Every structure is written in structure tokens, then in C-alpha cells.
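# Observations on chain architecture
One letter stands for each residue in the lines below.
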Amino acid sequence: MSSENQNGLLHTIIQNKIATIEFGHPASNSFPRTLLNRLTKEIDNLSKDKSVTVIILRSEGSGAFCAGASFDELLAVENEEQGTEFFSGFAHLINAIRNCSKIIIGRIHGKSVGGGVGIAAACDYAFATQDSSVKLSELAIGIGPFVIEPAVSRKIGKTAMTEMTLAAHEWKSAIWANHKGLFAKVLENELELDEELSHFALKLASYNPEALAEMKKVIWEGTEKWDSLLFERARISGKLVLSDFTKKALAQFKN
């Protein structure tokens, strides 16, 4: 495994005013901090790119869409400062998606856990397949979905978020996620997903980019406090990850 693979892969293709960002990591497309930082920076850069009108966010392979945070890095946290710094990576990413001037479409081809659910929720519009089950497993390892909660609750409401969070071992189906508003559309398989997504993205990219940019602001109205809220939440997770409960749970999950 190359060093690049250990840190994850990220690349962007721009075509027909559509920027497609693809991220990947050998561990079920999970996120080490370096990959979170790279994705955040890429979204910030594309936000200022006048040749881009729409962004598609996808992950590589045909397995999981995103397994959330890197367990190896969580296990390596030694103090609250390091813990807060790690969870702040998801705060920076969600805020980058929120503040991006482009509409972001999520291509959710498979299962999402924890932070992966947060990323799907932060997308402005998300397509999924029947295989795109979701789970918030954080309580099972002694923490909670604190940083991503605002993004998840904004999409599916507090009641559904609570149901997911407290049933930490339970997968919710893609159809459930669709009914709750996390996914805009659920397709039978990846072929149908890509056909539908391509048609939608091309149509969206043909619209007035100024109107889309203004609409993006409207979509995210009322979330201005996230600039500080998500980092306050990162401090909570950064403290809890040091608990004996979490250390033992992470070790068991890893094994």
C-alpha cells in the first residue's frame, strides 16, 4: 500500500461546468485528517472557480460510500487538544460545503456510517441506491454524532436523528432515508443512479449560475452559527474519545 493510499485519494474532473470530486480510502472510504483537509480545500477552491456551476461529490469503488472517521487516528488521540483537532476536520468540511457557492450533489452509492452520513446530509441534493443504508454508530463507541448532528437534523429532523442516534447498532434503509429527506432519490443500482444523476447535473449546470449561487444562500439560511457551533461540538467529541469506554470500544471494533 503506498503512502498516498494510506492517506487516501482525491481527484477532480471538470466537464460541462460540472466538477466531479472523487475521494477514496482503502478502509471503506473512511477519512483520515489529511484527506478531510484536502477535500475541504478542494471545495473551497471550486467555490471560487467560475468555470464550475455544479459539484458532484462521490467516493470510489462499489462498496461503502463512506465509513466516517479513521479508527486508527481516533485510537491515536492522546489528549483533548488532539481530539478536538481531529473532529474539527469534519466541522471544517461541513462548513466548506455549506459556504460553497456551488450546488453540491451527493452520489451515495453504498453504505454510510457516522461522518459519512453527515457528508451525505450536507450535500444540497443526494442520489442513492438501494444499497445506501445509513447508521449513526457513535454512541456504541462512547462518543456521539455531535459535529454532524446539525447537518443531519437539518435534513431529517430531530426526531429521525434521535431515532438513528439511539439505535446506534441499527442500519436504516435507503428507502427510510429517502422518506426522511436525507436522499432526494433512490435508484435500483449504480447504473440507474449514474444515468439519473448525469441528467440532473447537466440540467442544473444549464441554469443561471448567479441564480444558483443565490439559491445556495437561501438553502442554507439560518445556519450562520455553525461557524462556531460545529467546533464547540468537536470539543465534546474530542473529550469523550479519551474515555476508557471509547478506547476499549474502538479496539474491539478494529479487531
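Report on the accompanying structure. Everything numeric in this text was worked out from a predicted model, so none of it was measured. Throughout, a residue's number is its position along its own chain's written sequence, starting from 1. Under the rules for a predicted model, residues below a pLDDT of 70 receive no local features and side-chain atom pairs below 80 are neither given nor counted, while totals for whole chains, interfaces and linings still include all residues. Side-chain measures here rest on the full set of heavy atoms in the structure, leaving out hydrogens and waters.

## What to know about the pattern of salt bridges
Here is the rule: What counts as a salt bridge is simple: a side-chain nitrogen of Lys or Arg found within 4 Å of a carboxyl oxygen of Asp or Glu. A run of H or I in DSSP becomes a helix once it reaches four residues, and a run of E becomes a strand once it reaches two; helices and strands are each numbered from the N terminus. In this scheme, a residue with accessible area under 20% of its type's maximum is buried, one over 50% is exposed, and one in between is partly exposed, where area comes from a 1.4 Å probe on protein chains only.
Applying the stated criterion across every chain, the model contains 12 salt bridges. In this structure, the salt-bridge partner of Glu-22 is Arg-58, at a minimum N-O distance of 3.1 Å. Here Glu-22 is found in strand 2 (residues 18-24), whereas its partner Arg-58 is found in strand 3 (residues 54-59), with 36 residues between them in sequence. For Glu-22, a relative accessible area of 15% gives the class buried. For Arg-58, a relative accessible area of 23% puts it in the partly exposed group. For Arg-98, the salt bridge goes to Asp-227, with nearest N and O atoms at 2.6 Å. Of this pair, Arg-98 sits in helix 4 (residues 80-99) while Asp-227 sits in helix 10 (residues 226-240), and the two are 129 residues apart along the sequence. The network of salt bridges with common partners includes Arg-107, Glu-190 and Asp-194.

## Here's the deal with the packing of helix 4 against helix 10
Stated formally: Axes, fitted as lines to C-alpha atoms, cover a helix only where it is in contact. Angles between the N-to-C directions of the axes lie from 0 to 180 degrees. Roughly parallel means an angle under 35 degrees; roughly antiparallel means over 145; roughly perpendicular covers 65 to 115; every other angle is labelled oblique. It is the rotation of the near helix from the far one that decides the hand of a crossing: anticlockwise by less than a right angle makes it left-handed, clockwise makes it right-handed. In this description, contact between two residues means that some pair of their heavy atoms is separated by no more than 4.5 Å. For this scheme, ten residues count as nonpolar: Ala, Val, Leu, Ile, Met, Phe, Trp, Tyr, Cys and Pro. Four count as charged, namely Asp, Glu, Lys and Arg, and the remainder, Gly too, count as polar.
Running from N to C, helix 4 and helix 10 point in directions that differ by 150 degrees, and their axes come no closer than 7 Å. In terms of orientation, helix 4 and helix 10 fall into the roughly antiparallel class. Read as a crossing pair, helix 4 and helix 10 show a hand that is right-handed. Along the contact surface, helix 4 presents Glu-80, Gly-83, Thr-84, Phe-87, Ser-88, Ala-91, His-92, Ile-94, Asn-95, Arg-98 and Asn-99, while helix 10 presents Trp-226, Asp-227, Leu-230, Phe-231, Ala-234, Arg-235, Ser-237, Gly-238 and Lys-239. Across the contact of helix 4 with helix 10, the residue classes break down as 7 nonpolar, 8 polar and 5 charged.

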